[in-house]
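Here is what each chain is made of, one letter per residue.
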Amino acid sequence: MKYTTLDIFEQTPETLAAWCEAHGMQRYRAAQILEWVYAKGAADPAEMTNLSVADREILAEEMTFRSAHIVADRQASDGTRKLLVQWRDQGDDSGAVMPVALDAARQTECVMIPTEKRRTACISTQIGCPVGCRFCASGMDGLSGNLTAGRIVEQVHLLSQLTGERISNVVFMGMGEPLANLDAVMHAARIISAPWGLGISGRRITISTVGLPRAIRRLADELDVPATLALSLHAPTDALRREMIPWAKYATIAELLDACRYYFDSTGREITLEYVLLRDENDRPEHARELARIARTLRCNVNLIRYNEVESLPYRRPLSRDVRIFQSVLTNAGVMAHIRASRGRDIAAACGQLRRGSIHDKGV
Ligand code: SAH
Ligand code: SF4
């Protein structure tokens, strides 16, 4: 097989039908191929038995079905499964075995988080992250590149195939800033929710952002998928937020909230405010009171995240008692606030941690 830039996970029924025609295949084969990929979970044309041998050969030669090579596959005691994948490069052979050297600048992470009712895929949108939040492992080495829409979709397909489970929810909360790769993220969200694609309702898709007001408005105007927008607020004042998040200097909290209100007005979807609790930094009752005041100005739910410590970073996990007090200040003020369960801590499931592990101790 030779490398080709055409990726099956980027195709729509229309583009694939045109491609089939251009390659001497019947247009209706497109629907059959997409059914194999999404309804039956296939990632190898050889499995597509209702296609002729010749058609299967053309597909195998001219279309890429797997760009991700699994570098590490870890399962936590709570069932959380985390993959570190290395993305194929132009020069790579596209055979099943990856002969090329490990290269962190081509690696991202994705996670499957099972709960009683859900199978949530947490996927990456960029290789590394350009934002560089002080507490986060993903941005520590800056940005190495964007993922294409196909590679964003492929992560969900791969997690589903490996675990043998149907994915019910997708969160864009892995590596990278989704709104800094907006076109690819929107195209991927459409394929993930399309009935001919992964068929996951937009209501079960969450896009998390550090907050780019113009991009939030574009998302509201252009994304025809009713996804939940999660704003990573993390601090109730601009001064504190700027200490934690370098890109906070580009927009005030007031501007971000305006953009969130615009998103709610256009989509009818309540906003999620994410707040990662860092011990003694932003987890005091006065922070909670100020956050409650902010939260009451828009239709939202607050998601409290206990910090997962990252080696070589100075931040600490909050004390359980402080987390409970923080939550009760919010709920007493009439704000819906949930404490997010920490999953997969024993496999470094916070975004960016596994890749850093592989950078530093090599062979994962
Ligand atoms: N860049 C986007 C999406 C990816 S990060 C964003 O920042 O929203 C997804 C979420 O994980 C963010 O809310 C982020 O603050 C949080 N996060 C990052 N590192 C973490 C850590 N070590 N422990 C807990 N949450 C973390
Ligand atoms: Fe990037 Fe999000 Fe990590 Fe900040 S928290 S560095 S925006 S991935």
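Residues numbered from 1 in each chain as written. Chains lettered and ligands numbered in written order. Predicted model: local features only at pLDDT ≥ 70, side-chain atom pairs only at ≥ 80, totals over all residues. Heavy atoms only, no water.

Moving on: helix 3 (residues 53-62). For helix 3, the full list of buried residues reads Asp55, Leu59 and Ala60. Taken down its axis, helix 3 places every buried residue within 135° of arc, on the same side. The secondary structure elements touched by the buried residues of helix 3 are helix 1 (13-22) and helix 2 (29-39). (Buried < 20%, exposed > 50% of the residue type's maximum accessible area, 1.4 Å probe, protein only. Helix = DSSP H or I, 4+ residues; strand = E, 2+ residues; numbered from the N terminus. Arc of directions from axis to C-beta. Contact = heavy atoms within 4.5 Å.)

Empty space left among the atoms is revealed by rolling a probe the size of a water molecule over them. Applying the stated criterion to the full structure yields one cavity of 30 Å³ or more. Volume-wise, the largest cavity comes out at about 40 Å³. Of the residues in the lining of the largest cavity, the class split is five nonpolar, one polar and one charged. (1 Å grid on protein atoms, 1.4 Å probe; cavity = no way out; pocket = protein on both sides within 12 Å on 5 of 7 lines; lining within 4 Å. Points joined across faces, edges and corners; volume = space filled by probe spheres on them. Nonpolar A, V, L, I, M, F, W, Y, C, P; charged D, E, K, R; others polar.)

Between its terminal C-alpha atoms helix 8 (residues 253-267) stretches 21 Å, which fits the 21 Å expected from 15 residues at 1.5 Å a residue. Packed against the buried residues of helix 8 are helix 6 (213-222), strand 9 (228-232), helix 7 (238-244), strand 10 (271-277) and helix 9 (285-295). (Expected span 1.5 Å × (residues − 1).)

Now for the site of ligand 2. Around ligand 2 sit Cys129, Val131, Gly132, Cys133, Cys136, Ser138, Gly176 and Val210, and those are all the residues in its vicinity. Considered class by class, the residues forming the shell around ligand 2 number five nonpolar, three polar and no charged. (Near = heavy atom within 4 Å.)

It is worth spelling out the site of ligand 1 at this point. For ligand 1, the set of nearby residues contains 22 residues, the closest of which are Gly176, Ser208, Ser232, His234 and Asn308. Here Gly176 contributes a backbone N or O atom positioned 2.9 Å from a nitrogen atom of ligand 1. Surface burial for ligand 1 is 93%, taken as the share of its 530 Å² of free accessible area covered by protein chains. Going through the elements one at a time, strand 8 (205-209), strand 10 and strand 11 (300-306) are the ones with two or more residues in the shell around ligand 1. (Polar contact = N/O pair within 3.5 Å; in protein donor to acceptor, adjacent residues only side chain to side chain. Areas by Shrake-Rupley, 256 points an atom, 1.4 Å probe, with all protein chains shown as cover.)

Our focus in this paragraph is the sheet that holds strand 10. Strand order in this open sheet of ten strands is 1-2-3-4-7-8-9-10-11-12, and the pairing throughout is mixed. Where the open sheet ends on each side, the last strands, each with one partner, are strand 1 (68-75) and strand 12 (337-340). Averaged over all pairs of adjacent strands, the angle between strand axes in this sheet comes to 20°, irrespective of strand direction. Strand direction decides the pairing type here: strand 9 and strand 10, joined by three bridges, are parallel. Bridging across to strand 10, Leu231 finds its partner in Leu273. Along the sheet face, helix 10 (residues 320-332) touches strand 10, strand 11 and strand 12 and points at about 155° away from the line of strand 12. (Pairing = 2+ DSSP bridges. Axes fitted to C-alpha atoms, helices over the stretch in contact; angles between N-to-C directions.)

Axis separation between helix 1 and helix 2 bottoms out at 8 Å; the angle between their running directions is 120°. Here helix 2 runs oblique to helix 1, going by the angle between their axes. Regarding helix 1 and helix 2, the two cross each other, and that crossing is right-handed. Contacts between helix 1 and helix 2 involve Pro13, Leu16, Ala17 and Cys20 on the former and, on the latter, Arg29, Ala30, Ile33 and Leu34. Per-class residue counts for the contact of helix 1 with helix 2 are seven nonpolar, no polar and one charged. (Parallel < 35°, antiparallel > 145°, perpendicular 65-115°, else oblique. Left-handed = near helix turned anticlockwise from the far one by under 90°.)

Take the nonpolar core next. If you look at the biggest cluster of nonpolar residues, it comprises 108 residues, and the most contacted ones within it are Ile33, Phe135, Val170, Phe172 and Ile192. Looking at which element gives the most residues to this core, the answer is helix 5 (residues 182-193), with eight residues. Viewed by domain, this core spans two of them, domain 1 (8-62) and domain 2 (68-362), each represented by three or more residues. If near-sequence neighbours (up to four positions away) are discounted, Val170 is found in contact with Ala121, Ile123, Val156, Ile192, Ile200, Arg204, Ile205 and Thr206. (Core = buried A, V, L, I, M, F, W, Y, C linked by side-chain atoms within 4.5 Å. Domains from an automatic or database assignment.)

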